[in-house]
Amino acid sequence: MVSLSKEFRVGLFAIATIAMFYLGFNYLKGIEFFSRSNRYYVIYQDVGGLTKSNPVKISGFNVGRVAVIRLLQDRDNVVLVGLDIDRDITLGDSAIARLDANLMGEVSIVVSVGNLNEPLKPLDTLHAHVSPEITELLMASTQPITDNLPAVIAKLNRTLDDMDGVGLKTKAALESFTKSSDALRYTIYDNKSNLKSTITEFKKLSEKMNDLVDGLKPVIAKFSATADSLNNLELKSTINKVNLLMDELNKTTTALNNKESSLGKLMNEDSLYQNLNKTILDLDTLLININNNPKHFFGPLGQSAKKIEKDRAKQEE
């Protein structure tokens, strides 16, 4: 088996791709290379926008397409149109190819087959006919232009007249401007000495202003330095106070976290809390007893324990 080189296969693939692209492109244009058709010719004075691949119809059915459109300048600029019509279609010698257009402006050729007793042969010429609709369409497209032409001419004349008026106004304005410039020139000439003295005084004033600004620059610099110093002092004092506050807060936090300190034990040990709570309860009980039996505690000699027990027993009864 013969092996094909890589270059040969790439070239063959490229040729096949180009051929398929060419056939597909022409197929989209309406050219069918493998169709069976006969060619006939028609001669028109004006094709009215007909182009290649426009359809050829018989009784509203597509039977072919326009294959050739050629201008014959040697025959008073008539247009030769070649029609490729299906080979199965038979046309008589009286067949007419009528140029027609629809409402959308699409132009086609409508063929009437004529007398089939005398059939036409391929490459024969059909009788040409232009549908009245195309003529009306052309007239309708040019009618607005012809109707508006007088109005356009009238507007153009008015515009030209207005331009004449504008020209006169422009001329008058230029003359007025020339007079004004002459008057201004004379005024400047007459006041030349005054203008010179004014400019001199203005120059002196500018120099004094510059000297004043130069004198103020050191003052402004000192003021800026003083303001910066004050800002730095205030900022430094504030930072120191914040640092002291943070140190105290850190010490307090450390004491609370230290279990060996009093605050740490109070915060972290539950026994101290319970003892303290028990002490408070005992103290509360003692205060209640003192309030209920003050003579047990505040009598001249006090009372004995047996006496106190008897008083409590009576109170419980």
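Preceding this section is the structure that the text describes.
None of the values given here were measured: they were computed from a predicted structure.

This part is about the overall build of the protein chain. The secondary structure content of the protein chain amounts to seven helices and seven strands. Among the 317 residues that make up the protein chain, the fraction classed as buried is 15%. Carbon together with sulfur atoms contributes 61% to the accessible area of the protein chain, which is approximately 25600 Å² in total.

What follows covers the nonpolar core. If you look at soluble globular proteins, the nonpolar side chains tend to sit buried side by side. Formed by 23 residues in total, the largest nonpolar core has its most connected members in Val81, Leu83, Leu91, Ile109 and Leu126. Of all the secondary-structure elements, those providing two or more residues to this core are strand S1 (37-44), strand S2 (55-58), strand S3 (61-72), strand S4 (78-86), strand S5 (96-101) and strand S6 (107-112). The leading source of residues in this core is S4, at four residues.

Nonpolar side chains collect at one region of the surface, where Phe202, Leu205, Met209, Leu212, Leu216 and Ile220 lie side by side and expose about 630 Å² of accessible area between them. The topology assignment puts leucine 212 in helix H3 (residues 192-257).

The seven strands are arranged S1-S4-S3-S2-S6-S5-S7 in an open sheet whose pairing can be described as mixed. Looking along the sheet, the strands with just one partner apiece sit at the ends: S1 and strand S7 (127-130). With direction set aside, neighbouring strand axes in the sheet form an average angle of 30 degrees. For S1 and S4, the ladder comprises eight bridges, and the chain directions are antiparallel. Looking at S4, one finds that tyrosine 41 is bridged to glycine 82.

Attention now moves to unusual backbone geometry. Glycine aside, residues mostly have negative phi angles, and peptide bonds mostly take the trans form. With phi around 75 degrees, serine 53 is a residue other than glycine that occupies positive phi space. Considering the arrangement of structural elements, one finds serine 53 in the loop between S1 and S2. Relative accessible area serves as the criterion here: at 25%, serine 53 is assigned to the partly exposed category. Phi at aspartate 76 takes a positive value of approximately 60 degrees, unusual for a residue other than glycine. Within the secondary structure, aspartate 76 is located in the loop between S3 and S4. Given the relative accessible area of 70%, aspartate 76 is considered exposed.

Note on placement: asparagine 38 falls in strand S1. Not counting residues up to four positions away in its chain, the partners in contact with asparagine 38 are Leu83, Asp84, Ile85, Arg87 and Pro122.

Attention now goes to the pairing of S5. With six bridges connecting them, S5 and S6 associate as antiparallel partners. If you follow leucine 99 over to S6, its bridge partner there is isoleucine 109. Sheet analysis places S5 next to S7, joined by four bridges and oriented parallel. Within S7, the position partnered with arginine 98 by the bridge is histidine 129.

Turning our attention to the side chain of aspartate 84. Tracing the backbone shows aspartate 84 in strand S4. Exposure remark for aspartate 84: the relative accessible area of 13% places this residue in the buried category. Those residues within four positions of aspartate 84 in sequence are excluded, and the remaining contacts are Ser37, Asn38, Arg39, Val63, Gly64, Arg65 and Ala67.

Reading guide: rules and limits
Residues numbered from 1 in each chain as written. Predicted model: local features only at pLDDT ≥ 70, side-chain atom pairs only at ≥ 80, totals over all residues. Heavy atoms only, no water. Helix = DSSP H or I, 4+ residues; strand = E, 2+ residues; numbered from the N terminus. Buried < 20%, exposed > 50% of the residue type's maximum accessible area, 1.4 Å probe, protein only. Areas by Shrake-Rupley, 256 points an atom, 1.4 Å probe, with all protein chains shown as cover. Core = buried A, V, L, I, M, F, W, Y, C linked by side-chain atoms within 4.5 Å. Patch = residues over 30% accessible without salt bridge, like charges linked within 9 Å, V, L, I, M, F, W, Y side chains within 5 Å. Salt bridge = Lys/Arg side-chain N within 4 Å of Asp/Glu carboxyl O. Pairing = 2+ DSSP bridges. Axes fitted to C-alpha atoms, helices over the stretch in contact; angles between N-to-C directions. Contact = heavy atoms within 4.5 Å.

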